[in-house]
Every structure is written in structure tokens, then in C-alpha cells.
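Tertiary structure, described
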Amino acid sequence: YSIFMFIYLQTDMNQNFKEIIEKYKNEKIAIAVSGGVDSISLLHLCFNEGLDITLLHVNHKLRENAEVEQNYVVETAKKLKIPFKVFIWKGNKPNSNLEATARDVRYSFMIEYCKENNIKTLLTAHQADDQIETFLINLGRGSGIYGLSGISQISKKDGINIVRPLLKTYRSDLIKYCEDNNI
């Protein structure tokens, strides 16, 4: 299965997105938005579908442009008139395993927010290029068959559904979507 997973990756972004998101259209959902093309595309796709969304952004205070990204995300939420929450990762950062720790912190903030606000589903903007990268990294590490299966389209974390509706969409399609829609 894993070795052949790239065969089924589609570029019909809108159709694939609608098929995945259909089951969540009548509930409150949160969207993890970093400010990059992937998450901004996901945000606009959900907004255009009329979904009941809340934007969640985590500023890890790790990059020089973190404030610029945060401001862009907040302005986008205000422009679309959707609720948003910004989390700031304060305090000392670890010297090793920073990326994994930052991911854990990010999910911790967002999962806790979802639980406190009765939101059962969190959307992330992982897309096909992320899937390929994960597969190749795991292959290079010598992973077994389960490690090569890649990113799951739907998973659960602490009772919250983590849904990745763009997992079969390539970043180039997301860039084109943004260009075509003046985003």
C-alpha cells in the first residue's frame, strides 16, 4: 500500500476537498493556520464552503518573521470576519528536538482550545508534498511498513478528530488556487 500511495494522489483539489469535508459541514471546526499557502488555502476553501470555522494560530517565537506571520493571519481572520485565537509559546525553548517539541506544543494549545470550546474537529493543511516528504524521510530512516504508510487523512488526538482534507492535493495546486482567487 505505502509504496504505491502516490498513484492515488489527485490534483482535483476542490472535488477531493468537498468529499472529505462533507461529513463536517454541520459542526464547529477549528483550522490550524500558520499563514503559509497551504493553511491559507484551506482557510479560504472552508470559508467559501460556509463552514462554521475558528482560526487557530501558534506563534512559537522561533523565527524572525513570526510576528509578521501572526499579523497576517489575524488580519486575514478579521477580513473574513471569522473568530480566531492566537497562542504564544513563551519561555525557554529546548536545545535539541526543537521541531518535534514545537509540534507537540502546537497540538497541545489547539487540542486544549478545541476541548474547552466544544469543537470536535481540527483541520490541518498537510498536503501531498508533505505526504511524499514524510514517506521519503521514513524510507531513509529504514522504517518498516507502518512507518512508510505516511500521514493519515483522519486521526484522533485526545478525543479531537485531526482531519487533513488537502492530503491528496499538491502545493502547486494550492499556489494556483491562491493566484486564481487573488489570495
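Residues numbered from 1 in each chain as written. Predicted model: local features only at pLDDT ≥ 70, side-chain atom pairs only at ≥ 80, totals over all residues. Heavy atoms only, no water.

**A few points about unusual backbone geometry**
Positive phi, normally seen in glycine, also occurs at lysine 61, with a value near 60 degrees. Residue class for lysine 61 comes out partly exposed when judged on its relative accessible area of 44%. (Buried < 20%, exposed > 50% of the residue type's maximum accessible area, 1.4 Å probe, protein only.)

**Here we look at the side chain of glutamine 70**
You can see glutamine 70 is positioned in helix H3 (residues 66–80). On the accessibility criterion, glutamine 70 (13% relative accessible area) is buried. Among all residues touching glutamine 70, those that are not within four sequence positions of it are His57, Asn59, Val86 and Ile88. (Helix = DSSP H or I, 4+ residues; strand = E, 2+ residues; numbered from the N terminus. Contact = heavy atoms within 4.5 Å.)

**Points about the packing of aromatic side chains**
Inspection of the entire model under this criterion finds two aromatic pairs. Seen in terms of ring centroids, phenylalanine 87 and phenylalanine 109 are 5.2 Å apart; in terms of plane orientation they differ by 10 degrees. Their pairing is stacked. Of the two residues, phenylalanine 87 is situated in strand S3 (residues 84–88) and phenylalanine 109 in helix H4 (residues 98–116); the sequence distance between them amounts to 22 residues. Using a relative accessible area of 25% as the deciding quantity, one classes phenylalanine 109 as partly exposed. Ring centres of phenylalanine 87 and tyrosine 113 lie 6.1 Å apart, and the angle between their planes is 80 degrees; this geometry places the pair in the edge-to-face category. (Phe/Tyr/Trp six-rings, centres within 6.5 Å; stacked < 30°, edge-to-face > 60°.)

In short, geometric facts, not functional conclusions.
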